[in-house]
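Now for the letters of each chain:
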Amino acid sequence: MPYLNTLVRWIGALRRRRDDPLSQPMGRTTDGAIDAALAARGLTRADLFGPDGCLAPHRHRIAAMLARRGLSADQVVARYWPELKLADHACAHCIDKRRCTQWLDGRRPDDAPKRFCPNAMTFDRWRRDSKTRGRAG
């Protein structure tokens with residue numbers, strides 16, 4: 001009987017997670033659904049990619065990749081939200097999650113994101129854009 005109760009609780013938690021747009025890849029989620037879920041938690045879009053708001057494992061990797069490039073979540077959300085949603089989706093479904101995590105943790109120092117990350121070129125372009133904006137402003 002304890003096994004059955006545990007199984008029922010586990011299935012309920014899985015259903016709640018599946019229905020939560022913030023714990024899923026955002027590529028196919030409407031902005032309205034995302035914003036409503038964020039408002040219910042008192043979070044902003046940028047919080048999703050910050051140290052306390054990453055509600056899905058892949059967002060920790062995105063946050064770390066942005067930080068490595070000197071990009072703030074606020075800056076990226078403000079300028080590239082539609083692209084960031086697609087990058088979020090690509091990261092969630094990436095086949096090299098383990099390699100990425102190892103590189104971010106410093107366990108693959110000879111590797112480089114452009115060899116494994118589907119978002120590397122996008123993140124690099126955002127970094128170049130931010131440097132260009134900094135010189136122009």
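Residues numbered from 1 in each chain as written. Predicted model: local features only at pLDDT ≥ 70, side-chain atom pairs only at ≥ 80, totals over all residues. Heavy atoms only, no water.

**Student:** Residues and numbers for the overall build of the chain, please.
**Tutor:** For the chain, the count of helices and strands is 6 helices and 0 strands. Start at the N end of the chain and walk to the C end: the helices and strands fall as α-α-α-α-α-α. Expressed as a percentage of its 137 residues, the buried residues of the chain come to 40%. Here the contacts in the chain between residues at least 6 apart in sequence split such that 64% fall between residues at least 24 apart. Accessible area of the chain: about 8,500 Å², with a carbon and sulfur share of 54%. (Helix = DSSP H or I, 4+ residues; strand = E, 2+ residues; numbered from the N terminus. Buried < 20%, exposed > 50% of the residue type's maximum accessible area, 1.4 Å probe, protein only. Contact = heavy atoms within 4.5 Å. Areas by Shrake-Rupley, 256 points an atom, 1.4 Å probe, with all protein chains shown as cover.)

**Student:** So what's going on with the packing of helix α3 (residues 57-68) against helix α4 (residues 73-92)? Residues and values would help.
**Tutor:** Each pair of packed helices gets described by two things: the angle between the helix axes and the distance between those axes. Where α3 meets α4, the axes come as close as 10 Å, and the angle between the chain directions of the two elements is 130 degrees. Looking at the two axes, α3 sits oblique to α4. Here α3 runs over α4; the crossing is right-handed. From α3, His 58, Arg 59, Arg 61, Ile 62 and Leu 66 reach across to α4, where they touch Val 76, Leu 84, Ala 87, Asp 88, Cys 91 and Ala 92. Classifying every residue of the contact of α3 with α4 by side-chain character gives 7 nonpolar, 1 polar and 3 charged. (Axes fitted to C-alpha atoms, helices over the stretch in contact; angles between N-to-C directions. Parallel < 35°, antiparallel > 145°, perpendicular 65-115°, else oblique. Left-handed = near helix turned anticlockwise from the far one by under 90°. Nonpolar A, V, L, I, M, F, W, Y, C, P; charged D, E, K, R; others polar.)

**Student:** Any chance you could break down the confidence of the model for the chain for me, citing the residues and the numbers?
**Tutor:** In this model, the chain carries a mean pLDDT of 87, and residues with pLDDT of at least 70 account for 84%. Counting contacts from residues 11-16, a segment whose pLDDT is below 50, to residues more than four positions away or on other chains yields 0 contacts. (pLDDT = per-residue confidence, 0-100.)

**Student:** So, the packing of α3 against helix α5 (residues 97-104): which residues are in play, and what are the values?
**Tutor:** At a closest axis distance of 11 Å, the pairing of α3 and α5 adopts a crossing angle of 45 degrees. Considering their axes alone, α3 and α5 lie oblique with respect to each other. By crossing handedness, the relation of α3 to α5 is classed as left-handed. Between α3 and α5, the residues in contact are Arg 61, Ala 64, Met 65 and Arg 68 and Lys 97, Cys 100, Thr 101, Trp 103 and Leu 104, respectively.

**Student:** Describe the packing of aromatic side chains, naming the residues involved and giving the relevant values.
**Tutor:** On inspection of all chains with the given rule, the structure shows 3 aromatic pairs. Ring geometry for Tyr 80 versus Trp 126: centroids 4.9 Å apart, planes at 15 degrees, classification stacked. Pair noted here: Tyr 80 is in helix α4 and Trp 126 is in helix α6 (residues 120-136), with a separation of 46 residues, a long-range link. Neither residue differs from the other here; Tyr 80 and Trp 126 are each classed as buried. Between Phe 123 and Trp 126, the aromatic rings sit 5.5 Å apart at their centres with planes inclined by 50 degrees, giving tilted as the arrangement. Of this pair, Phe 123 and Trp 126 are both found in helix α6, 3 residues apart, which corresponds to roughly one turn of the helix. The same class applies to Phe 123 and to Trp 126, which are both buried. Taken together, the ring pairs in this structure connect Tyr 80, Phe 123 and Trp 126 into an aromatic cluster. Positioned above the aromatic ring of Trp 103 is the side chain of Arg 68, whose terminal nitrogen or guanidinium carbon lies 4.6 Å from the ring centre. (Phe/Tyr/Trp six-rings, centres within 6.5 Å; stacked < 30°, edge-to-face > 60°. Lys NZ or Arg CZ within 6 Å of the ring centre and 35° of its normal.)

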